[in-house]
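Summary of the model geometry
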Amino acid sequence: MVRAFRAQTNVTVDLSELAFADASVMLDLAVLARRLRAKGREILVRGTQPQVMALIKHVGLHRLPAVTFEGASPAYA
């Protein structure tokens, strides 16, 4: 995660092997998105499992301006 905070470009987060996530994962992603947005960058999230996407929607991570998703928009998935 430290490398992601220091990134000079957009950051891609591949969640394809993540079968479980809790609030701490969502908080880490939200903090990363905030820090990247302050530098004019964003997070591209891909490979999200359905149960993880449900949590992302529940906490509203998909609504943050610096977070984009590969594939269909999570708001309509």
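Residues numbered from 1 in each chain as written. Predicted model: local features only at pLDDT ≥ 70, side-chain atom pairs only at ≥ 80, totals over all residues. Heavy atoms only, no water.

**Concerning the overall build of the protein chain**
Secondary structure assignment for the protein chain yields 3 helices and 3 strands. Mapped from its N terminus to its C terminus, the protein chain presents α and β elements in the order α-β-α-β-α-β. The buried share among the 77 residues of the protein chain stands at 32%. Taking as baseline every contact in the protein chain between residues at least 6 positions apart, the subset at least 24 positions apart corresponds to 73%. Accessible surface for the protein chain amounts to roughly 5,100 Å². Of this, 53% is attributable to carbon and sulfur atoms. (Helix = DSSP H or I, 4+ residues; strand = E, 2+ residues; numbered from the N terminus. Buried < 20%, exposed > 50% of the residue type's maximum accessible area, 1.4 Å probe, protein only. Contact = heavy atoms within 4.5 Å. Areas by Shrake-Rupley, 256 points an atom, 1.4 Å probe, with all protein chains shown as cover.)

**Structural notes on the pattern of salt bridges**
Side chains that carry opposite charge are capable of pairing whenever their charged atoms lie near each other. Evaluated as defined, the whole model comprises 1 salt bridge. Close ionic contact of arginine 46 with glutamate 70 constitutes a salt bridge, the shortest N to O distance being 3.8 Å. Of this pair, arginine 46 sits in strand β2 (residues 43-46) while glutamate 70 sits in the segment after β3 (67-69); the two residues are 24 residues apart in sequence, bridging distant segments of the chain. The class for arginine 46 is partly exposed, based on a relative accessible area of 32%. By relative accessible area, glutamate 70 is classed as partly exposed at 47%. (Salt bridge = Lys/Arg side-chain N within 4 Å of Asp/Glu carboxyl O.)

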